[in-house]
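Understanding the architecture of this molecule
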Amino acid sequence: MPAAGAVAVAAALALAGCSSGGSSSSASSPAPSASSSGSSSGSGTKPASSAPAPSGNQLQDAYQKVIADVLPSVVQITTGDSLGSGIVYDDKGDIVTNAHVVGSATTFTVTLANSTTSLAASLVGSYPDSDLAVIRLSSPPSGLKPAAFGDSGKVELGQITLAMGSPLGLSSSVTQGIVSATGRTVSEPRGGGSPGATIGNMVQTSAAINPGNSGGALVNLDSQVIGINTLAATEPEANGAAAPGIGFAIPASTITNIADQLIKQGKVTNSGRAALGITARTSFNQQFQPAGAVIVAVSPGGAAASAGLQAGDVITRIGDTQVDSLNALTTTLAALTPGSKVTVTYTRDGASKTADVTLGTLETP
């Protein structure tokens, strides 16, 4: 089955490999207890400054409410002999998932949460550059429950998260963790149905994300989807073994932007991704080591052309970030937004030069 993509974790978050990671416990297990703070005084009353912490039962109740609210919106998607997950997007039967879950298929079988009935679905559109796709149920059942999507800008470190999906084909599974980081730029490994996309602004979570979780929901305690489970990490020094507690989800703002376009027009016309307007490849020095990204062609009227960059120029830095390969250039641009102004350092005829560039928008097929 198309596994949740994987990233290899090294000192600088080097990205490669294909496995799953995360060590969060199942949400069906007893939730961690939070005991009340403060001690009793001699009269049997607490000091006025002490506030009781939520009890373990309160936290467990919160988990169970979120699961009851959102799990009915999380589905299992079967593509041939492969499995993945998806999220009900609207009451018309549109389901959003990862592009690497749908792969090259155009027809699918969908199973709703807590159901054994198979429903037919077909492809609405796929956008591999952001690893997102939308499929549509042929005959949406009554009572279909769309998920509520949260505000990506309000996602903060430490927030409790629940990951919902079908890991290893175990439908309607839930794991718990926290938001470990925001704003991560991650490159997926290519292959196994994964398009090898480089995605910016991802949410890092400690909730377990395993093969089959791809396309499922990462949810906050307000019962809002804050991301789509997409990647899990591996450790390159451990022969690709799972790196516990490191998973990544595409943020809600990216999901809704891409899904809305796919549903309305069947394709993406505004990617929301920054671009220089060039075709490039990795440049190598005389020691055959990667040394930059050489421009092969410049799009007329694009950001690079407007700044005077030419074919043959070798880009070595974007702002303060070193660029030693095409992958490094792609990763750097993925973390930026269209309209941003950056200084591009490049070499031309052996001389180092700079150009101030206003980034454009990545063109879509």
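Residues numbered from 1 in each chain as written. Predicted model: local features only at pLDDT ≥ 70, side-chain atom pairs only at ≥ 80, totals over all residues. Heavy atoms only, no water.

1. As for the overall build of the protein
To keep it simple, the criterion reads: Helix and strand assignments follow DSSP, with helices taken as H or I runs no shorter than four residues and strands as E runs no shorter than two, numbered in order from the N terminus. Only protein chains enter the accessibility calculation, which uses a 1.4 Å probe; a residue whose area is less than 20% of its type maximum is buried, one above 50% is exposed, and one in between is partly exposed. Contacts are residue-level and defined by heavy atoms, with any inter-residue pair within 4.5 Å sufficient. Areas reported here follow the Shrake-Rupley algorithm with a probe of radius 1.4 Å; residue values treat only the protein chains shown as occluding.
Of regular secondary structure, the protein possesses five helices and 23 strands. Taken over 365 residues, the protein has a buried fraction of 47%. Within the protein, residue pairs in contact and separated by at least 24 positions form 62% of the contacts whose partners lie at least 6 positions apart. Split by element, the accessible area of the protein, about 16,300 Å² in all, is 49% carbon and sulfur.

2. Regarding the nonpolar core
Rules: Only buried residues count toward a nonpolar core, which is a set of Ala, Val, Leu, Ile, Met, Phe, Trp, Tyr and Cys residues joined through side-chain atoms within 4.5 Å.
By size, the foremost hydrophobic cluster in this structure holds 38 residues, and its most contacted members are Ile-87, Val-96, Phe-149, Met-164 and Val-225. Element by element, the count of residues in this core is highest for helix H3 (residues 252-265), at five residues. Those residues within four positions of Met-164 in sequence are excluded, and the remaining contacts are Val-66, Ile-67, Val-70, Leu-71, Val-74, Ser-173, Val-174, Asn-213, Gly-216, Ala-217, Val-219 and Asn-229. Listed in part, the 19 residues of the second largest apolar core include Ile-295, Ala-303, Tyr-346 and Leu-359.

3. Considering the confidence of the model for the protein
We apply this condition: pLDDT runs from 0 to 100 and stands for how confident the predictor is about each residue.
Per-residue confidence for the protein gives a mean pLDDT of 84; residues scoring 70 or more make up 82%. Per-residue pLDDT stays below 50 along residues 1-51; that stretch engages in 132 contacts with residues further than four places along the chain or on separate chains.

4. Things to note about the sheet that holds strand S4 (residues 94-97)
So the rule is basically this: At least two DSSP bridges between two strands are required for those strands to pair. Interaxial angle, 0 to 180 degrees, is taken between N-to-C directions of lines fitted to C-alpha atoms, where a helix line uses only the stretch in contact.
Taken together, the six strands give a closed barrel; going around it, the order is S2-S3-S4-S7-S6-S5, and neighbouring strands pair in antiparallel fashion. Across the sheet, the mean angle from the axis of one strand to that of its neighbour is 40°, orientation sign disregarded. As paired strands, strand S5 (residues 107-111) and strand S6 (residues 118-127) are joined by five bridges and run antiparallel to one another. By the bridge assignment, Thr-111 is partnered in S6 with Ser-118. Sheet strands touched by H3: S4, S6 and strand S7 (132-137). Its angle to S7, the strand with the most contacts, is close to 50°.

5. Quick look at the side chain of Thr-79
Note that Thr-79 resides in strand S2 (residues 74-79). Among the residues examined, Thr-79 registers a relative accessible area of 16% and is labelled buried. When near neighbours in sequence (up to four residues on either side) are disregarded, Thr-79 contacts Val-101, Val-102, Ala-105 and Phe-108.

6. Describing the environment of Pro-244
As for its placement among the helices and strands, Pro-244 is situated in strand S15 (residues 241-251). Given a relative accessible area of 53%, Pro-244 falls into the exposed group. For the pair formed by Pro-244 and Ala-208, sequence separation is 36 residues and the distance between their alpha carbons is 8.0 Å.

7. A short note on unusual backbone geometry
Phi angles above zero are rare outside glycine, and Leu-168 is one such case at about 55°. Judged by its relative accessible area of 58%, Leu-168 falls in the exposed class. With a phi angle near 60°, Asn-201 is a residue other than glycine that sits in the positive phi range. Note that Asn-201 resides in strand S12 (residues 198-205). On the basis of relative accessibility, which here comes to 43%, the residue Asn-201 falls in the partly exposed class.

8. A few points about H3
Condition: One fewer than the residue count of a helix, multiplied by 1.5 Å, yields its expected span.
Here H3 contains 14 residues, and its C-alpha end-to-end distance of 20 Å stays within 8% of the 20 Å for a straight helix at 1.5 Å per residue. Those residues of H3 lying buried are Ala-252, Thr-254, Ile-255, Ile-258, Ala-259, Gln-261 and Leu-262.

9. Side note on the pairing of strand S14 (residues 225-235)
Here S14 lies mainly inside the structure; 10 of its 11 residues are buried. With three bridges connecting them, strand S13 (residues 217-219) and S14 associate as antiparallel partners. Each residue of the ladder has a partner; that of Ala-217, found in S14, is Ile-228.

10. Some thoughts on the pairing of strand S17 (residues 278-284)
Strand direction decides the pairing type here: S17 and strand S18 (residues 290-298), joined by seven bridges, are antiparallel. The residue bridging Thr-282 from the neighbouring strand is Ala-293, located in S18.

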